[in-house]
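Descriptive structure summary
In case you want the letters, here they are:
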Amino acid sequence: MSVGPRLLPPPRRLVILSLGALAGCSVLPQPSYVQQTQWPLVVRRPESVPPRTRGRVLVVRSLLPAPGLDQRGLQWLLPNGSVHVDFYNQWAVPPAQGATDDLRRWLAASGLFAAVVAPDSGLLPDLSLEGELTTFIADPRTLTAHAALALVLVDAHPSPAKVLLQRTISSDARMPVDTPTGVAQGLLAALTGVLRQTEAALANFARP
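Our subject in this report is the structure included herewith. (Residues numbered from 1 in each chain as written. Predicted model: local features only at pLDDT ≥ 70, side-chain atom pairs only at ≥ 80, totals over all residues. Heavy atoms only, no water.)

**What about the overall build of the protein?**
Scanning the protein from terminus to terminus reveals three helices and nine strands. Listing the helices and strands of the protein from first to last along the sequence gives α-β-β-β-β-β-α-β-β-β-β-α. Here the protein holds 208 residues, and 39% of them are scored as buried. Counted over contacts in the protein with a minimum sequence separation of 6, partners at least 24 positions apart contribute 71%. Looking at the protein as shown, the accessible area adds up to about 12500 Å², and 58% of this sits on carbon and sulfur atoms. (Helix = DSSP H or I, 4+ residues; strand = E, 2+ residues; numbered from the N terminus. Buried < 20%, exposed > 50% of the residue type's maximum accessible area, 1.4 Å probe, protein only. Contact = heavy atoms within 4.5 Å. Areas by Shrake-Rupley, 256 points an atom, 1.4 Å probe, with all protein chains shown as cover.)

As structure tokens, this is what we get:
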């Protein structure tokens, strides 16, 4: 009975080299690196007016974020109607925080009040403004950005406090281009419109 030649296992070194060759020839595509962009959420009033002498003190409390707006990613509508929250393009601060800072700074520059402050300023306010950022999204299909604030203005002196104004203020703005840059620019323009309308809505309550 003859026995054929035995098949000896390959040397260990060749096995290691073969595995290394397979690792270097993966059929899966390698994801390309995309740098994350941080967009400043800053809107300023075009002109700054000095504070009103012997005017009222307004406290602007932190705006609350509506559901979904607690994320920093830029948001826009997809063709199927769902909302896309972008990971690679984000606001430098949460949208409600940025809108609060912008609102406080805008009203301080309006000249309507003696002072516009945060709750921890130590000043006793005459009026209190609070609310919620309810809308902050773009629609690339129509090249339109939408922003809205639900606001409540309260007279702080009576006990209990008296509600002077309760309103949702919204504004639309044109996106210059259908890109994340266009989304950011459109949303800042829409927020500018909301702040301008808010100033006009508070004007009648600013006088002592």
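**Details of the pairing of strand β5 (residues 83–91)**
Relative to β5, strand β1 (residues 37–39) runs parallel, the two sharing three bridges. Pairing of Q38 across the sheet is with Q90, part of β5. Both strand β4 (residues 73–77) and β5 contribute to a ladder of four bridges, which runs antiparallel. Of the residues in β5, the one forming a bridge with L77 is V83. Hairpin geometry of β4 and β5 is characterised by an intervening segment of five residues between the two adjacent antiparallel strands and by a positive phi of about 90 degrees at G81. (Pairing = 2+ DSSP bridges.)

**Section: the side chain of T192**
Relative to the helices and strands, T192 is located in helix α3 (residues 180–202). Reaching out from T192, the side chain makes a polar contact with the backbone oxygen of L188 at a distance of 2.9 Å. (Polar contact = N/O pair within 3.5 Å; in protein donor to acceptor, adjacent residues only side chain to side chain.)

**Some points on empty space enclosed by the protein**
If you walk through the whole model with that rule in mind, you get one cavity of 30 Å³ or more. Put simply, the largest cavity is a space of about 30 Å³. Together, L69, Q71, G73, L74, Q75, W91, P95, F136 and L187 line the largest cavity. Sorting elements by how many residues they give to the lining of the largest cavity places β4 first, with three residues. (1 Å grid on protein atoms, 1.4 Å probe; cavity = no way out; pocket = protein on both sides within 12 Å on 5 of 7 lines; lining within 4 Å. Points joined across faces, edges and corners; volume = space filled by probe spheres on them.)

**Focus: a nonpolar patch on the surface**
A cluster of nonpolar side chains, V34, F87 and Y88, forms an exposed patch at the surface whose accessible area comes to about 300 Å². On the basis of relative accessibility, which here comes to 52%, the residue F87 falls in the exposed class. (Patch = residues over 30% accessible without salt bridge, like charges linked within 9 Å, V, L, I, M, F, W, Y side chains within 5 Å. Salt bridge = Lys/Arg side-chain N within 4 Å of Asp/Glu carboxyl O.)

**Let's talk about the pairing of strand β9 (residues 162–174)**
As paired elements, strand β8 (residues 144–155) and β9 share 12 bridges and run antiparallel to each other. Residue A147 lies in a different strand from β9, and its bridge partner there is S171.

**Thoughts on helix α2 (residues 95–109)**
When the terminal C-alpha atoms of α2 are compared, their 21 Å separation across 15 residues agrees well with the 21 Å that a helix rising 1.5 Å per residue should span. Across the 15 residues of α2, 11 count as buried, placing the element largely inside the fold. For α2, the full list of buried residues reads P95, A96, G98, A99, T100, D102, L103, R104, W106, L107 and A109. (Expected span 1.5 Å × (residues − 1).)

**A few points about the side chain of D102**
Topologically, D102 is positioned in helix α2. Those residues in contact with D102, other than ones at most four positions away along the chain, are L41, V42, V43, L191 and L195.

**Quick notes on the nonpolar core**
If you look at the biggest cluster of nonpolar residues, it comprises 44 residues, and the most contacted ones within it are L58, W91, L107, F113, L129, F136 and L202. Elements represented by at least two residues in this core include exactly β2 (57–60), β4, α2, β7 (127–139), β8, β9 and α3. No other element matches α3, which puts 10 residues into this core. Excluding its chain neighbours within four sequence positions, the residues that come into contact with L58 are L107, F113, A115, V116, V117, L127, S128, L129, L153 and L202. (Core = buried A, V, L, I, M, F, W, Y, C linked by side-chain atoms within 4.5 Å.)

**Focus on the environment of L103**
Position of L103 among the secondary structure elements: in helix α2. Note on L103: relative accessible area 1%, which makes it buried. Sequence-distant contacts of L103, defined by excluding residues within four places in its chain, comprise V60, L63, L129, L195 and T198.

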